[in-house]
Amino acid sequence: MFTYDPVLFSRILTELTLTFHIIYATIGVGVPLMIAIAQWVGIRKKDEHYILLARRWTRGFVITVAVGVVTGTAIGLQLSLLWPNFMNLAGQVISLPLFMETFAFFFEAIFLGIYLYTWDRFNDQKKHFLLLIPVAIGSSASALFITIVNAFMNTPQGFELKNGVITNIQPLVAMFTPAMPTKVAHVLTTAYMTSAFVLASIAAYHLFKGNRHPYHKKALHLTMKAALIFSLATIVVGDLSGKFLAKYQPEKLAAAEWHFETSTYAPLVLFGTLDDNKEVKNAIKIPYALSILAYNRPGAEVTGLNDIPKEEQPPLYIHYLFNLMVLIGIWLTVIAALYWAGMKKGLAFTMKKSFLMQLVLSGPLAMLAIEIGWYFTEVGRQPWILRGYMKTAEAATKSAHVDTLLVVFSLLYVVLGIASVVVLTKMFRNNPVERELEERALNQGGVSS
Amino acid sequence: MTLEIVGISVLWLFLFGYIIVASIDFGAGFFSAYSEIANKKHVIHQVIQRYLSPVWEVTNVFLVFFFVGMVGFFPKTAYYYGTILLVPASISIILLAIRGSYYAFSTYGIKDNKAYMFLYGMTGVFIPASLSIVLTISEGGFVRMDGGEPALLYKQLFVSPFTWSVVLLSLTSVLYISANFLTYYANAAGDDRARDLLRKYALVWSGPTILSALVIIYQLKHHNAEHYTKMMDVSWMFVVSFLFFVLSLYLLIKKRYFGWSFISLVLQYAFAFYAYGISHYPYLLYPYLTIYDSFTNRTMAVALVIAFIAGLFLLVPSLFLLLKLFLFDKKYVKGQV
């Protein structure tokens, strides 16, 4: 029979809210940068297409921001509602970056409001462009501060805990944890990368449908170039993240790699299955690769899961999450590189339908990798909510009704998700690029002497 | 002044800021929806949309700021209020979500949809009602301790006349504050028909706000005598608040200085809100939690205060720019930009 377990329901509800929020948050962090790039290129090249690109992206962006504000408020409150014991403890040490995040978002919201409603209030486009800089800085700063909190949960420091009482608190030490540099870099580069691919998908979709307007070609070219740069950055950061894990969170890396015995010359295990004796079967093994990933040396010793107490081991299914995330990342880098090389050499395949289809899929795939990546890092921290100090089960609320709320919030997210997709498609369908370009040309012809 | 008091003063200021800007927003939404249904849309819709569109996200941040700051300065509130408010706060989140998505989907996306408009208008009434519950709970009497775990007594809360008086005050205040501000805004926009209609709304709601406030003070005498006694110690502040109410109403009736009328109204609420807050001291939740036993450590508090001051240097000029462009820019207000 079912027994009401608030810990389980709190976990599911938090997962659900984050799964939904992370889509909007990723777009919220990455797209302002892409808009800024497009508007800047437009100003430099005096090319109306790029300016319009920035305008249209902004219009869509506003919708995602609005939903992001809603889901962000939800997760902000749910942290205290579902994890009161955690916030009671961690709040004493890590509330500084949480507090700073609200400032960053405040800053972003103010300038976004101004930017949106002042497209035609400045004669000089450059002045309007300047308003976008605080938006981009604010959104990336929000990501920075929130990721600092997440890094703290993985490698907490900057306090002492004795008999449930926290002493000797150092807020800045708590902010600059070992996990912080790689985590922040990983969140930012992947957000930029994903946003670039999402926008590239849209351009590729129009080209795929046979619309060969230069506007879409320029859009694809700009976004794919950005996507390639951020993909390469992500690979570098991903490698550094592996080295961070090996040193500071060996149990997460070991579980992700199904690496049981501590050993040198450790191979990298791709996919496969486990039998009852925890023997890896059907897997692709790349010799020495895990040692290289962990320490840059094939002979390096990598801690195995058997050295971790049983009750502190993360679930083993994160292996598949880790593999999928990495594979999607590599695949996306490859197609971005192919596109770039093809364009450079003037090869025709870049406009072939089969290749364009891959580009159309790149945005959704990148977003999928973001989701899988978050599942990996969050599940990989289990059973801890605050690694080494507090277990997830101790942190959750004991209140009734979490199960009912789970149902209600599921409905809410379904409605919001469907509505945002419908609104976004309607918004752009009803106002195609060609028509808007014509109108703008007419208006400007009328105004300028 | 202790750090505890600095902390709660900062938070109280932000909560006050939220109450004013959010009331304008909630009430405007309600009037907007009402005018749609009562076929007066053409009169006030335009004014409301022009004011609301650029600022709604900023409004929401005031709330987030308040609860994040609360957990920062007073982490134990996360434990007490987090546990107690699971259901009421979740309801608020859902209502806020409906409201936020209206802005996303209707203002930026598609043409107004009547059903959505109605929902949106209703959230303008239900959100303040659901949020006001927190203040009611803070007065004590609605929380039981189950072996160290706080639990909300839903039934007591629901049947208490005190709860409903607070809800009533929140509703009437939202409509009064909003109508008063929008009268000023419509006047600045030179839209006389909208101004006259909104002024009428403001006059209608002025009496009920004062009445419901008086009822609450009377009920508090029985519900929480300790708080009531302390309130009487600062009764002069309520008197000053009332004088500002009279001044604000007088200007509104005389149809003059709408801006000053609104400023008097803000002062009216400020005095009453601070008198309430000061007399609530030191309790965050009667009788379990005070600002002293829930306070974070000194180091964190100092860090938060420094971050707050640094943040203000960033925010105040930005907010000023926002107001200058949309509230005090004559051309924008009149719809010429």
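Computed from a predicted model, the values in this text were never measured in an experiment. (Residues numbered from 1 in each chain as written. Chains lettered and ligands numbered in written order. Predicted model: local features only at pLDDT ≥ 70, side-chain atom pairs only at ≥ 80, totals over all residues. Heavy atoms only, no water.)

Overview of the overall build of chain A
And then number 1: Helices and strands together make up the secondary structure of chain A, namely 14 helices and eight strands.
And then number 2: For 449 residues, the compact-globule formula gives about 22 Å, and the C-alpha radius of gyration of chain A, at 24 Å, lands near that figure.
And then number 3: Here the C-alpha coordinates of chain A stretch approximately 75 × 45 × 45 Å along the principal axes.
And then number 4: Within chain A, the proportion of its 449 residues that are buried is 57%.
And then number 5: For chain A, the accessible area works out to roughly 19,100 Å², and carbon and sulfur atoms hold 66% of it. (Helix = DSSP H or I, 4+ residues; strand = E, 2+ residues; numbered from the N terminus. Rg over C-alpha atoms; globule rule 2.2 N^0.38 Å. Buried < 20%, exposed > 50% of the residue type's maximum accessible area, 1.4 Å probe, protein only. Areas by Shrake-Rupley, 256 points an atom, 1.4 Å probe, with all protein chains shown as cover.)

Let's talk about the overall build of chain B
And then number 1: Assigned secondary structure in chain B consists of 13 helices and four strands.
And then number 2: In summary, chain B has a C-alpha radius of gyration of 20 Å against a globular reference of 20 Å for 337 residues, a match within 12%.
And then number 3: Dimensions of chain B, computed from the C-alpha atoms along their principal axes, are close to 60 × 40 × 40 Å.
And then number 4: Counting across all 337 residues of chain B, residues that qualify as buried make up 61%.
And then number 5: Once local pairs closer than 6 in sequence are excluded, the contacts in chain B between residues at least 24 apart make up 77%. (Contact = heavy atoms within 4.5 Å.)

Here's the deal with the pairing of strand β2 (residues 149-152) of chain B
Residue and element names in this part refer to chain B.
And then number 1: Side chains of β2 alternate between two faces, with E149 and A151 and P150 and L152 buried alike.
And then number 2: Bridging between strand β1 (residues 143-146) and β2 involves four bridges; their strand directions are antiparallel. Looking at β2, one finds that R144 is bridged to A151.
And then number 3: In sequence, β1 turns back onto β2 through a hairpin of two residues, with G147 there showing a positive phi of about 55°. (Pairing = 2+ DSSP bridges.)

What about the packing of helix α1 (residues 6-45) of chain A against helix α6 (residues 180-208) of chain A?
Residues and elements named next belong to chain A.
And then number 1: Where α1 meets α6, the closest approach of the two axes is 8 Å, and the angle between their N-to-C directions is 70°. As judged from the angle between their axes, α1 and α6 are roughly perpendicular. The segment α1 lies against α6, with T26, I27, V29, G30, V31, L33 and M34 engaging L188, A191, Y192, T194, S195, A196 and L199.
And then number 2: Classifying every residue of the contact of α1 with α6 by side-chain character gives 10 nonpolar, four polar and no charged. (Axes fitted to C-alpha atoms, helices over the stretch in contact; angles between N-to-C directions. Parallel < 35°, antiparallel > 145°, perpendicular 65-115°, else oblique. Nonpolar A, V, L, I, M, F, W, Y, C, P; charged D, E, K, R; others polar.)

A look at the packing of α6(A) against helix α7 (residues 214-248) of chain A
All names here are of chain A.
And then number 1: Where α6 meets α7, the axes come as close as 7 Å, and the angle between the chain directions of the two elements is 155°. Regarding the angle of α6 to α7, the classification is roughly antiparallel. Once α6 is placed against α7, the crossing between them reads as left-handed.
And then number 2: Taken together, the residues of the contact of α6 with α7 break down into 20 nonpolar, 11 polar and one charged. (Left-handed = near helix turned anticlockwise from the far one by under 90°.)

Examining helix α5 (residues 114-138) of chain B
And then number 1: Between the first and last C-alpha of α5(B) there are 37 Å, a value that for 25 residues agrees with the 36 Å anticipated at 1.5 Å per step.
And then number 2: The positive-phi residue at the C-terminal boundary of α5(B) is G140(B), with phi of around 85°. (Expected span 1.5 Å × (residues − 1).)

As for the packing of aromatic side chains
All names here are of chain B.
And then number 1: The tally for this structure, following the rule as stated, stands at 46 aromatic pairs over all chains.
And then number 2: Relative to F31, the ring of F30 has its centre 6.2 Å away and its plane inclined at 65°; by these criteria the two rings are edge-to-face.
And then number 3: The class for F31 is buried, based on a relative accessible area of 2%.
And then number 4: Geometrically, the ring pair formed by F273 and Y274 is edge-to-face, given 6.4 Å between the ring centres and 85° between the ring planes. (Phe/Tyr/Trp six-rings, centres within 6.5 Å; stacked < 30°, edge-to-face > 60°.)

A short note on the environment of L332(A)
All names here are of chain A.
And then number 1: With respect to the element layout, L332 can be found in helix α10 (residues 318-345).
And then number 2: Here L332 falls in the buried class, since its relative accessible area comes to 1%.
And then number 3: For the pair formed by L332 and T194, sequence separation is 138 residues and the distance between their alpha carbons is 9.8 Å.

Side note on the side chain of T333(A)
All names here are of chain A.
And then number 1: Along the polypeptide, T333 turns up in helix α10.
And then number 2: A distance of 2.7 Å separates a polar side-chain atom of T333 from the backbone oxygen of G329.
And then number 3: Once residues within four sequence positions are removed from consideration, T333 is found in contact with L228, S231, L232 and I235. (Polar contact = N/O pair within 3.5 Å; in protein donor to acceptor, adjacent residues only side chain to side chain.)

What about helix α13 (residues 402-429) of chain A?
And then number 1: Between the first and last C-alpha of α13(A) there are 40 Å, a value that for 28 residues agrees with the 40 Å anticipated at 1.5 Å per step.
And then number 2: For α13(A), the complete set of buried residues consists of V402(A), L405(A), L406(A), F409(A), L412(A), Y413(A), L416(A), G417(A), A419(A), S420(A), V423(A) and M427(A).

Notes on the confidence of the model for chain A
Residues and elements named next belong to chain A.
And then number 1: Overall, the prediction assigns chain A a mean pLDDT of 88, with 98% of residues at 70 or greater.
And then number 2: Here helix α14 (residues 433-447) stands out as the element of chain A with the lowest mean pLDDT, 70, in contrast to α6, whose mean of 94 is the highest.
And then number 3: Counting interchain partners and residues more than four positions distant, the pLDDT-below-50 stretch residues 445-449 has zero contacts. (pLDDT = per-residue confidence, 0-100.)

Here we look at the interface of chain A and chain B
And then number 1: Tallying the contact residues gives 60 residues for chain A and 62 residues for chain B.
And then number 2: Of the roughly 5,400 Å² buried between chain A and chain B, counting both surfaces, carbon and sulfur atoms make up 82%.
And then number 3: When the area that chain A buries against chain B is broken down by residue, the three leading residues are F99(A), F106(A) and R121(A), summing to 14%.
And then number 4: Our enumeration of links across chain A and chain B arrives at one salt bridge.
And then number 5: Linking K398(A) and E149(B) is a salt bridge whose minimum nitrogen-to-oxygen distance equals 3.8 Å.
And then number 6: Where chain A packs against chain B, one counts three residue pairs in polar contact (both at pLDDT 80 or more).
And then number 7: Those elements giving two or more residues to the side of chain A that touches chain B turn out to be α2 (48-82), α3 (84-116) and α13 of chain A. (Buried area = accessible area lost by both parts, 1.4 Å probe. Salt bridge = Lys/Arg side-chain N within 4 Å of Asp/Glu carboxyl O.)

Section: the nonpolar core
And then number 1: Judged by nonpolar contacts, the single largest core of 266 residues is most densely connected at F86(A), F106(A), L220(A), L359(A), F31(B), F74(B) and I137(B).
And then number 2: Sorting elements by how many residues they give to this core places α3(A) first, with 21 residues.
And then number 3: Setting aside residues up to four positions removed in sequence, L359(A) forms contacts with S201(A), A204(A), L220(A), M224(A), I335(A) and Y339(A). (Core = buried A, V, L, I, M, F, W, Y, C linked by side-chain atoms within 4.5 Å.)

Some remarks on unusual backbone geometry
And then number 1: The residue after Q382(A), namely P383(A), is reached through a cis peptide bond having omega 5°.
And then number 2: Relative to the helices and strands, P383(A) is located in the loop between α11 (353-379) and β7 (384-386).
And then number 3: Of note, the amide linkage connecting Y286(B) to P287(B) takes the cis form, showing an omega dihedral of -15°.
And then number 4: Relative to the helices and strands, P287(B) is located in the loop between β3 (283-285) and β4 (289-290).
And then number 5: Residue N282(A) is not a glycine yet carries a positive backbone phi of 55°.
And then number 6: Relative to the assigned elements, N282(A) resides in the loop between β5 (280-281) and β6 (284-286).
And then number 7: With a phi close to 50°, Y257(B) is a non-glycine residue in the positive phi region.

Comments concerning the pattern of salt bridges
Residues and elements named next belong to chain A.
And then number 1: The final tally for this structure, using the stated rule, is 16 salt bridges over all chains.
And then number 2: For D47, the salt bridge is made with K218, and the minimal N-O distance between the two is 2.7 Å. Placement of D47 in the loop between α1 and α2 and of K218 in helix α7 is noted, with a sequence separation of 171 residues between them.
And then number 3: The class of D47 is buried, set by a relative accessible area of 14%.

Remarks on a positive patch on the surface
And then number 1: A cluster of basic side chains, namely K209(A), R212(A), K217(A), K353(A) and R429(A), defines a positive patch on the protein surface.
And then number 2: The partly exposed category is assigned to K217(A), whose relative accessible area is 37%. (Patch = residues over 30% accessible without salt bridge, like charges linked within 9 Å, V, L, I, M, F, W, Y side chains within 5 Å. Lys, Arg positive; Asp, Glu negative; His and termini not counted. Charge placed at Lys NZ, Arg CZ, Asp CG, Glu CD.)

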